[in-house]
Amino acid sequence: MKGILSKNILEALHRANFEKIANYILDICELVVDDYKKKNLKLPNDENKIRSIMLEEYMKKQKNNYGM
């Protein structure tokens, strides 16, 4: 089976990537909440707006910290 990764290796890579992405998103969520608390601001009650805030204000700036 030349050129084909074993199922176990593929599953391990998938898990590692999933964990990295999940940790990244959780860290960004914490940053957003902490920053809004410090500034005495309230997050909008709209998941689309929150997603935009996370993407525009945090994720683009934090990608380098995660090697992305």
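Provided above is the structure to which this section pertains.
Right, let's walk through the structure included here.

Calculation criteria
- Numbering of residues starts from 1 in every chain and runs along the sequence as written.
- Residue-level local features of this predicted model are given only where pLDDT is at least 70; pairs of side-chain atoms are given and counted only at 80 or more, and the full residue set underlies all totals for whole chains, interfaces and linings.
- In computing side-chain values, all of the structure's heavy atoms are included and hydrogens and water are not.
- Strands are runs of DSSP state E lasting at least 2 residues, helices are runs of H or I lasting at least 4, and numbering of each runs from the N terminus.
- The contact criterion used throughout is that any non-hydrogen atoms of two residues lie within 4.5 Å.
- Each accessible area is a Shrake-Rupley estimate made with a 1.4 Å probe; only the visible protein chains count as cover when residues are assessed.
- One less than the number of residues in a helix, times 1.5 Å, gives the span that helix is expected to have.
- Each nonpolar core is a collection of buried residues, namely Ala, Val, Leu, Ile, Met, Phe, Trp, Tyr and Cys, held together in the definition by side-chain atoms within 4.5 Å.
- Relative accessibility thresholds used throughout: buried, under 20% of the residue-type maximum; exposed, over 50%; partly exposed, between the two (1.4 Å probe, protein chains only).
- Within the patch definition used here, like charges are joined within 9 Å and nonpolar side chains (Val, Leu, Ile, Met, Phe, Trp, Tyr) within 5 Å, considering only residues with over 30% relative accessible area and no salt bridge.
- A side-chain nitrogen of Lys or Arg and a carboxyl oxygen of Asp or Glu constitute a salt bridge if their distance falls within 4 Å.

This brings us to the overall build of the protein. Per the secondary structure count, the protein includes two helices and zero strands. Considering only intrachain contacts with a sequence separation of at least 6, the fraction spanning at least 24 residues in the protein is 61%. Total accessible area computed for the protein in this model is approximately 6,000 Å², and 55% of it derives from carbon and sulfur atoms.

The first and last C-alpha atoms of helix H1 (residues 7–38) sit 47 Å apart over 32 residues, in line with the 46 Å expected at 1.5 Å per residue. Just downstream of H1 lies asparagine 40, where phi reads positive at about 55°.

Our next topic: the nonpolar core. In terms of nonpolar packing, the biggest core is built from eight residues, these being Tyr24, Ile28, Val32, Tyr36, Ile53, Met54, Tyr58 and Met59. Excluding its chain neighbours within four sequence positions, the residues that come into contact with valine 32 are Leu43, Met54 and Tyr58.

Positive phi, normally seen in glycine, also occurs at asparagine 40, with a value near 55°. In this fold, asparagine 40 is placed in the loop between H1 and helix H2 (47–62).

A word on a nonpolar patch on the surface. Residues Ile9, Leu10 and Leu13 make up a contiguous nonpolar surface patch of about 260 Å² in total accessible area. Of note, leucine 10 is situated in helix H1. With a relative accessible area of 45%, leucine 10 lands in the partly exposed category.

Such coordinate-based values are descriptive only and should not be taken to indicate function.
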